[in-house]
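Chain and residue survey
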Amino acid sequence: MSQTRASRRRTPLLAAGFAAAALLLSACGGQQTGSSSGDTKFVQGTGDITKVAKGKRSSVPDLSGPSVDGKKLELSDYQGKIVVLNVWGSWCSPCRAEAPNLAKVARDTEDKGVQFLGINTRDLDKANAKAFERNYEVGYPSFYDPSGKLILKFPKNTLSPQAIPSTLILDREGKVAVRALKPLSEKELRSALAPLIDAK
């Protein structure tokens, strides 16, 4: 085989290798395709925290499915509560950075009618998700959604959880009051929750 022909054959392989590397590097924020669903897209977190006035809030789809620990989990079970819905993956370093903040605020606000839930995504091995929950003392349940199917249920052009990590805070009527396309500090999370807790 000539050197030119061998070089031509290596070019597509190199291109595929670079594409795979770029996909891995773009995880946790960059636009990417879900691990087992070809049309699951995530966009880069903008760093924005969007707050919505009460009369302009929209509802979210009723999510249901298995949890990381194998139990059935339904968003509708928490009607009447303020729900903090956080999208995360064990492979995501900003998710690891914000996890202690979420876990702490979840414990502190549990008796104030606040329920935290997670959507674990792109973890093909549940063991990794379970280890994440143990390591960061996450006491609330998470949907196990490796292919991002639950995230695709959110209508386009709405305040959907488009990035990893991202967080939606639902008011007591199940409508989106806050969306954060960034990892949240404890202070940011408490500040976003305070008006909803006070509006009993």
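The sections below set out a description of the structure shown in this document. (Residues numbered from 1 in each chain as written. Predicted model: local features only at pLDDT ≥ 70, side-chain atom pairs only at ≥ 80, totals over all residues. Heavy atoms only, no water.)

**Notes on the side chain of Lys 182**
Tracing the backbone shows Lys 182 in the loop between strand E10 (176-180) and helix H5 (186-198). A polar atom in the side chain of Lys 182 sits 2.7 Å from the side chain of Glu 188. Ignoring sequence-local partners within four residues, the contact set of Lys 182 consists of Gly 47, Asp 48, Ile 49, Glu 98, Pro 165 and Glu 188. (Helix = DSSP H or I, 4+ residues; strand = E, 2+ residues; numbered from the N terminus. Polar contact = N/O pair within 3.5 Å; in protein donor to acceptor, adjacent residues only side chain to side chain. Contact = heavy atoms within 4.5 Å.)

**Quick notes on the layout of surface pockets**
Its boundaries defined by the atoms lining it, the second largest pocket holds a volume of some 210 Å³. Forming the boundary of the second largest pocket are 15 residues, of which Leu 75, Ser 76, Gln 79, Glu 173 and Gly 174 lie nearest the centre. Residue classes in the lining of the second largest pocket are distributed as five nonpolar, five polar and five charged. (1 Å grid on protein atoms, 1.4 Å probe; cavity = no way out; pocket = protein on both sides within 12 Å on 5 of 7 lines; lining within 4 Å. Points joined across faces, edges and corners; volume = space filled by probe spheres on them. Nonpolar A, V, L, I, M, F, W, Y, C, P; charged D, E, K, R; others polar.)

**Details of the pattern of salt bridges**
For the structure on display, the rule yields seven salt bridges. Note that Lys 104 and Asp 108 form a salt bridge whose closest N and O atoms lie 3.3 Å from each other. One end of the pair is Lys 104 and the other is Asp 108, both in helix H2 (residues 93-109) and four residues apart, which spans about a single turn. We classify Asp 108 as partly exposed; its relative accessible area is 33%. Here Arg 190 makes a salt bridge to Glu 186, at a shortest N to O gap of 3.0 Å. Of this pair, Arg 190 and Glu 186 both sit in helix H5, separated by four residues, roughly a single helical turn. One connected set of salt bridges, linked through shared partners, spans Lys 104, Asp 108, Glu 186 and Arg 190. (Salt bridge = Lys/Arg side-chain N within 4 Å of Asp/Glu carboxyl O. Buried < 20%, exposed > 50% of the residue type's maximum accessible area, 1.4 Å probe, protein only.)

**Overview of the pairing of E10**
Of all five residues that make up E10, five are buried, and the element is covered over most of its length. With three bridges joining them, strand E3 (residues 49-51) and E10 adopt antiparallel strand pairing. Pairing of Lys 51 across the sheet is with Val 178, part of E10. Strand direction decides the pairing type here: strand E9 (residues 166-170) and E10, joined by four bridges, are antiparallel. Pairing of Leu 170 across the sheet is with Val 176, part of E10. (Pairing = 2+ DSSP bridges.)

**Details of empty space enclosed by the protein**
Per the counting criterion, the structure on display carries one cavity of 30 Å³ or more. One number sums up the size of the largest cavity: a volume of about 50 Å³. Asn 86, Trp 88, Cys 95, Ala 99, Leu 102, Phe 132, Val 138 and Tyr 140 together form the lining of the largest cavity. Elements that contribute at least two residues to the lining of the largest cavity include exactly strand E6 (82-88) and H2. When residues of the lining of the largest cavity are assigned to their parent elements, the largest contribution, three residues, is made by H2. Grouping the constituent residues of the lining of the largest cavity by class yields seven nonpolar, one polar and no charged.

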